[in-house]
Amino acid sequence: MPPPSLAIPVFFDARQLDHQPAVELHNGNWSDYAEKAARAEIILQQFAAHRPVRDHGLEPILRAHSPDYVEFLRSAHQAWLEAGRSGDAIGYTWPVIRRRDLRLDRIDARLGRYSFDAATPITAGTWSSAYWSAQAAVSAVAAVLEEAQPVTFALCRPPGHHAGRDYLGGYCYLNSAAIAAAEAAHHGRRVAILDIDYHHGNGTQDIFLDSGEVLFVSIHADPAMDYPFFWGHADERGIGAGKGKTLNIPLPRGTQIDAYLEALEIACTAIVAHRTDLLVLSFGADTFEDDPISYFELREEDYALLGSRIAALAIPTAIVMEGGYAIDALGGIVTSLLSGFYPRGM
Ligand code: SP5
Ligand code: ZN
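Scoring rules and cut-offs
- Residues numbered from 1 in each chain as written.
- Chains lettered and ligands numbered in written order.
- Predicted model: local features only at pLDDT ≥ 70, side-chain atom pairs only at ≥ 80, totals over all residues.
- Heavy atoms only, no water.
- Phe/Tyr/Trp six-rings, centres within 6.5 Å; stacked < 30°, edge-to-face > 60°.
- Helix = DSSP H or I, 4+ residues; strand = E, 2+ residues; numbered from the N terminus.
- Buried < 20%, exposed > 50% of the residue type's maximum accessible area, 1.4 Å probe, protein only.
- Near = heavy atom within 4 Å.
- Polar contact = N/O pair within 3.5 Å; in protein donor to acceptor, adjacent residues only side chain to side chain.
- Areas by Shrake-Rupley, 256 points an atom, 1.4 Å probe, with all protein chains shown as cover.
- Nonpolar A, V, L, I, M, F, W, Y, C, P; charged D, E, K, R; others polar.
- Salt bridge = Lys/Arg side-chain N within 4 Å of Asp/Glu carboxyl O.
- Contact = heavy atoms within 4.5 Å.
- Patch = residues over 30% accessible without salt bridge, like charges linked within 9 Å, V, L, I, M, F, W, Y side chains within 5 Å.
- Donors = N, O, S within 2.8 Å, 3.2 Å for Na, K, Ca; no water.
- Pairing = 2+ DSSP bridges.
- Axes fitted to C-alpha atoms, helices over the stretch in contact; angles between N-to-C directions.

> I'm lost on the packing of aromatic side chains in this one. Help?
Aromatic rings considered in pairs are described by the distance between their centres and by the relative angle of their planes. Under the counting rule described, the total for this entry stands at 18 aromatic pairs. An angle of 25° between the planes, with centres 6.1 Å apart, marks the rings of Phe116 and Tyr227 as stacked. With Phe116 in the loop between helix H4 (107-113) and helix H5 (126-147) and Tyr227 in the loop between strand E6 (214-221) and strand E7 (246-251), this residue pair connects regions lying 111 residues apart in the sequence. Look at Phe116 and you get partly exposed, because its relative accessible area is 21%.

As structure tokens, this is what we get:
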């Protein structure tokens, strides 16, 4: 059998490498930025070839993000330079009490208004990288919709699942998985997002929280212990028309494959009950045992089990890359995951 790279279309654009922040605020110090461009390069090495990303423009992005946020993201680094600053733009003050529509002229105010952490700097290359990362996800969904591909892989980077309709955070700027899901829903599909990054996909949850349109299911580290702390608790189930269309399955630090697969079973039951006909898989490789910022204990070979369980749903799936910071292990992890899907591709 040929390797999975021959069966599964991979979407990536070199402009996704432009974004290279120097540092993030971590445990009270500036520390080396964990979400490196090399993450994508090392995964790319696993594939003999990848497909060009098609430019679908702003329309799919604006289904998941507000126009004022998109405008902010495009212009923020330029405004930072015009304010006399150098290096990467980052906020330091956030509106918490009585958020309201203020006219915000200062770049620092705008950075605070449109972000929720200090780990997500904006560089000169951020807009271009986030834009092409989102387009990679849209292209992966388009290949499912137009070519009836059973599985496609968007090598998204920067990741997206922490970015909400009008905020960035957690190394994320544009929510590629949400944009891809909204694109599929726009084409009349019944869509679910399964988020299996170590961290809760708060941005994705927020974007669809009050919409009955897209089911959001997430397996992640208990936010009582881990970032993003304020989202991902089991009692968040959706609101209004979205009631019952958000499902959070928090797991303790130290989780290994057996307990993980039990959670995945619950997730799969919900995806089937939704009568899903297109699945977006937000895939984080930071559940890996040697991930430097995370605390689950999955081994490389375990990802093939995750892949085959999800493939057994027999629902066309666009996989969107999220986190994963054990750089040298990323190629093996992604290959293991895709090998679980592979038999279906034939
Ligand atoms: C997409 C994703 O996985 N985002 C994760 C964001 C987690 N941010 C909080 C943890 C910060 C750890 N910083 C480590 C810096 C190492 N130099
Ligand atoms: Zn993560």
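> Please clarify how the site of ligand 1 should be interpreted in this entry.
Around ligand 1 there are 17 residues in total, and His26, Ser31, Asp32, Gly170 and Tyr325 lie nearest to it. Within the contact set of ligand 1, a nitrogen atom lies 3.1 Å away from a side-chain nitrogen or oxygen of Glu24. The separation between a nitrogen atom of ligand 1 and a polar side-chain atom of His162 is 3.3 Å. Here ligand 1 has 510 Å² of accessible area as a free molecule, and 87% of this is covered by the chains. When its residues are assigned to classes, the shell around ligand 1 shows six nonpolar, seven polar and four charged.

> What exactly am I supposed to notice about the pattern of salt bridges here?
A side chain of one charge can pair with a side chain of the opposite charge if their charged atoms are brought near each other. Overall, the coordinates contain 17 salt bridges when judged by the stated rule. Here Arg39 and Glu35 are joined by a salt bridge, their closest N and O atoms 2.7 Å apart. Classification of Glu35 by relative accessible area gives buried; the value is 1%. One salt bridge connects Asp166 with Arg113, and the closest N-O pair in it is separated by 2.9 Å. One end of the pair, Asp166, is in the loop between strand E4 (151-154) and helix H6 (176-186); the other, Arg113, is in helix H4, and 53 residues separate them in sequence. Taking relative accessible area as the criterion, Arg113 reaches 16% and is therefore assigned buried.

> Please explain helix H9 (residues 302-311) as it appears in this structure.
Of all the residues in H9, the buried ones are Asp302, Tyr303, Leu306, Gly307, Ile310 and Ala311. Close packing links the buried residues of H9 with strand E5 (191-195), helix H8 (257-273), strand E8 (278-283) and helix H10 (330-341).

> What is the right way to look at H6 in this model?
Each full turn of the α-helix corresponds to 3.6 residues, which orients residues three or four apart in the same direction. Burial runs high along H6: ten of the eleven residues are buried. Within the span of H6, buried status applies to Ser176, Ala177, Ala178, Ile179, Ala180, Ala181, Ala182, Glu183, Ala184 and Ala185. Where H6 is buried, its residues touch H5, E5, helix H7 (202-208), E6, E8 and strand E9 (317-321). Remark: Gly188 follows H6 within two positions and exhibits a positive phi of approximately 85°.

> What exactly am I supposed to notice about a nonpolar patch on the surface here?
On the surface, a cluster of nonpolar side chains totalling about 280 Å² of accessible area is made up of Val23, Leu25 and Trp30. Within the element layout of this structure, Val23 appears in strand E2 (residues 23-26).

> Which parts of the structure should I look at to understand the coordination of the zinc ion (ligand 2)?
Around a metal, the idealised angle for a tetrahedral arrangement of four donor atoms is 109.5 degrees; for an octahedral arrangement of six donor atoms it is 90 or 180 degrees. The protein atoms that coordinate the zinc ion (ligand 2) are Asp197 (OD), His199 (ND1) and Asp286 (OD), at distances of 1.9 to 2.1 Å. One chain supplies every donor for the zinc ion (ligand 2), spaced along it as D-x1-H-x86-D. With Asp197 in the loop between E5 and H7 and Asp286 in the loop between E8 and H9, this residue pair connects regions lying 89 residues apart in the sequence. The buried category is assigned to Asp286, whose relative accessible area is 0%.

> What should I look at first to understand the sheet that holds E5 in this one?
Strand pairing in a sheet relies on backbone hydrogen bonds, with the paired strands running either antiparallel or parallel. Read across the sheet, seven strands follow the order E1-E4-E9-E8-E5-E6-E7 without closing on themselves; strand pairing throughout is parallel. Since the sheet does not close on itself, it has two edges, and those belong to strand E1 (10-11) and E7, each with one partner. For E4 and E9, the ladder comprises four bridges, and the chain directions are parallel. Residue pairing for E9: Phe153 is matched across the bridge by Ile319. Those strands touched by H5 are E1, E4, E8 and E9, and its axis lies near 170° from that of E4. Sitting on the sheet, H8 is in contact with E5, E6, E7 and E8, with an inclination near 175° to E6.

> Hey, could you run me through the environment of Ala180 in this one?
Of note, Ala180 is situated in helix H6. Residue class for Ala180 comes out buried when judged on its relative accessible area of 0%. Not counting the four nearest positions on each side in its chain, Ala180 is found in contact with Ala137, Val141 and Val280.

> When you look at the pairing of strand E3 (residues 29-32) in this model, what are you seeing that I'm missing?
Regular strands place their side chains on alternate faces of the sheet. Pairing of E2 with E3 involves four bridges; the strand directions are antiparallel. Looking at E3, one finds that Glu24 is bridged to Ser31.

Geometric descriptors of this kind do not, in isolation, establish any biological role.
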